[in-house]
Amino acid sequence: MDVPLWLALLAVGYLGVKLIRPPLWLIAVILLGGFLLADSVLAPVIDSFVK
């Protein structure tokens, strides 16, 4: 069974918010921080570290 990445991330994100109940500002900071890091000069370093 092949599950699209966006669907898996959506399910994990929904369950995480539902079960852990983090504050809304923390979710916004994590999403914004990830978006800004993806477009920074650190993106290749992070990519090579993850792979």
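None of the values given here were measured: they were computed from a predicted structure. (Residues numbered from 1 in each chain as written. Predicted model: local features only at pLDDT ≥ 70, side-chain atom pairs only at ≥ 80, totals over all residues. Heavy atoms only, no water.)

Chemist: Whenever I open this one, the overall build of the protein chain confuses me. Can you help?
Modeler: Counting its regular elements, the protein chain contains 3 helices and 0 strands. Along the protein chain, helices and strands appear, N-terminal first, in the series α-α-α. What you see for the protein chain is a C-alpha radius of gyration of 14 Å, clearly larger than the 10 Å of a compact globule of 51 residues, by over 25%. Counting only carbon and sulfur atoms, one obtains 78% of the accessible surface of the protein chain, whose full area is about 5,000 Å². (Helix = DSSP H or I, 4+ residues; strand = E, 2+ residues; numbered from the N terminus. Rg over C-alpha atoms; globule rule 2.2 N^0.38 Å. Areas by Shrake-Rupley, 256 points an atom, 1.4 Å probe, with all protein chains shown as cover.)

Chemist: Got a minute to help me understand helix H2 (residues 24–38) in this structure?
Modeler: Along an α-helix, a turn takes 3.6 residues, which lines up residues three or four apart on a common side. For H2, which comprises 15 residues, the first-to-last C-alpha distance of 21 Å matches the rise-based estimate of 21 Å (1.5 Å per residue) to within 8%. For H2, the tally of buried residues reaches only 0 of 15 residues, placing the bulk of the element at the surface. (Expected span 1.5 Å × (residues − 1). Buried < 20%, exposed > 50% of the residue type's maximum accessible area, 1.4 Å probe, protein only.)

Chemist: When you look at the environment of Ile20 in this model, what are you seeing that I'm missing?
Modeler: Within the secondary structure, Ile20 sits in helix H1 (residues 5–20). Residues Ile20 and Val41, spaced 21 residues apart in sequence, show a C-alpha to C-alpha distance of 32 Å.

Chemist: Is there a simple way to think about unusual backbone geometry in this case?
Modeler: Excluding glycine, most residues fall at negative phi; most peptide bonds, likewise, are trans. The phi torsion at Arg21 lies on the positive side, around 55 degrees, for a residue other than glycine. The topology assignment puts Arg21 in the loop between H1 and H2. Residue Arg21 is classed as exposed on the basis of its relative accessible area, which comes to 63%.

Chemist: Hey, could you run me through the confidence of the model for the protein chain in this one?
Modeler: For residues with low pLDDT, the predicted coordinates do not support detailed interpretation. The share of residues in the protein chain with pLDDT of 70 or more is 100%, and the mean pLDDT across the chain is 92. Helix H3 (residues 43–50) is the least confidently modelled element of the protein chain, averaging 88 in pLDDT, while H1 averages 94, the highest of any element. (pLDDT = per-residue confidence, 0-100.)

Chemist: I'm lost on the pattern of salt bridges in this one. Help?
Modeler: Any two side chains of opposite charge can pair, so long as their charged atoms come close to each other. Scanning the entire structure with this criterion turns up 1 salt bridge. The salt bridge partner of Lys51 is Asp47, with a shortest N-O separation of 3.8 Å. (Salt bridge = Lys/Arg side-chain N within 4 Å of Asp/Glu carboxyl O.)

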